[in-house]
Amino acid sequence: MESASPCLLAIMELGGYPNLAPLYRQLGFRTEIVNSQRKAQSFLKQRLPDVIVAEYNFQSDFRDRTSNLETLMARLQRHPGVKVIVFFQDEYRHKLDNLLSRFPVFAAIPFPVEPAQVEAALRRALEGPDKPSQGDL
């Protein structure tokens, strides 16, 4: 029997922010943490989370995309109910804006990531259906 608790997938590739796993669990999420997009894709083949928290990492050397999130976001187009919260470096905001013009993101939070901002976004996500927004942008 599937638990009634919402599921959160955290994709922590580079880090550089506080360990948010205790916050996720405190808010009632069943939490899975992976350290690569490849592992995230594998997880998504087995289960569809309610919320995904991921870092936006701009990479100019990618051949067919500009960041680590394009493949994930393309896959999620078939699942518009999944809320994606993205952490980003302000210096790449203009690149993130390109991604946001193609894919909806529930909230985008700039570095340094403050747990209170993440908590506010997660509480909004728990409230139910919501239009995508850019969080505190």
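Residues numbered from 1 in each chain as written. Predicted model: local features only at pLDDT ≥ 70, side-chain atom pairs only at ≥ 80, totals over all residues. Heavy atoms only, no water.

Thoughts on the sheet that holds strand β3 (residues 51-55)
Selection rule: Here, a strand pair is defined by DSSP locating no fewer than two bridges between the strands. Helical segments are the DSSP runs of H or I of at least four residues, strand segments are the runs of E of at least two, and each set is numbered from the N terminus. Only C-alpha atoms enter the line fits that serve as axes; for helices the fit covers just the stretch in contact. Angles between N-to-C directions range over 0 to 180 degrees. Contacts are residue-level and defined by heavy atoms, with any inter-residue pair within 4.5 Å sufficient.
If you trace the five strands from one edge of the open sheet to the other, you get β2-β1-β3-β4-β5, paired in parallel fashion. Of all strands in the sheet, those with a lone pairing partner are β2 (30-34) and β5 (107-110), marking the two edges. Each neighbouring strand pair of the sheet contributes to a mean axis angle of 15°, computed without reference to strand direction. Relative to β5, strand β4 (residues 83-88) runs parallel, the two being bridged by four bridges. The partner of F88 across the bridge, within β5, is P110. Sitting on the sheet, helix α5 (residues 115-126) is in contact with β1 (7-11), β3, β4 and β5, with an inclination near 175° to β5.

Topic: the environment of G81
Note that G81 resides in the loop between α3 (70-76) and β4. Through-space distance from the C-alpha of G81 to that of L48 is 9.8 Å; in sequence the pair is 33 residues apart.

Describing unusual backbone geometry
When glycine is set aside, most residues are seen to have a negative phi, and most peptide bonds are trans. With an omega of -5°, the peptide bond running from F111 to P112 counts as cis. Mapped onto the elements, P112 comes out in the loop between β5 and α5.

Focus on helix α2 (residues 37-46)
Note the cut-off: Under the scheme applied here, a residue whose accessible area is under 20% of the maximum for its type counts as buried, over 50% as exposed, and between as partly exposed, the area being computed with a 1.4 Å probe on protein chains only. For this quantity, the arc is that covered by the directions from the helix axis to the C-beta atoms.
Buried residues of α2: Q37, A40, Q41, F43 and L44, and no others. Each buried residue of α2 sits inside an arc of 160° when the element is viewed along its axis, so together they form one side. Projecting away from the buried face of α2 at angles above 90 degrees are the exposed residues R38, K45 and Q46. Where the residues of α2 are buried, they touch β1, β2, β3 and α3.

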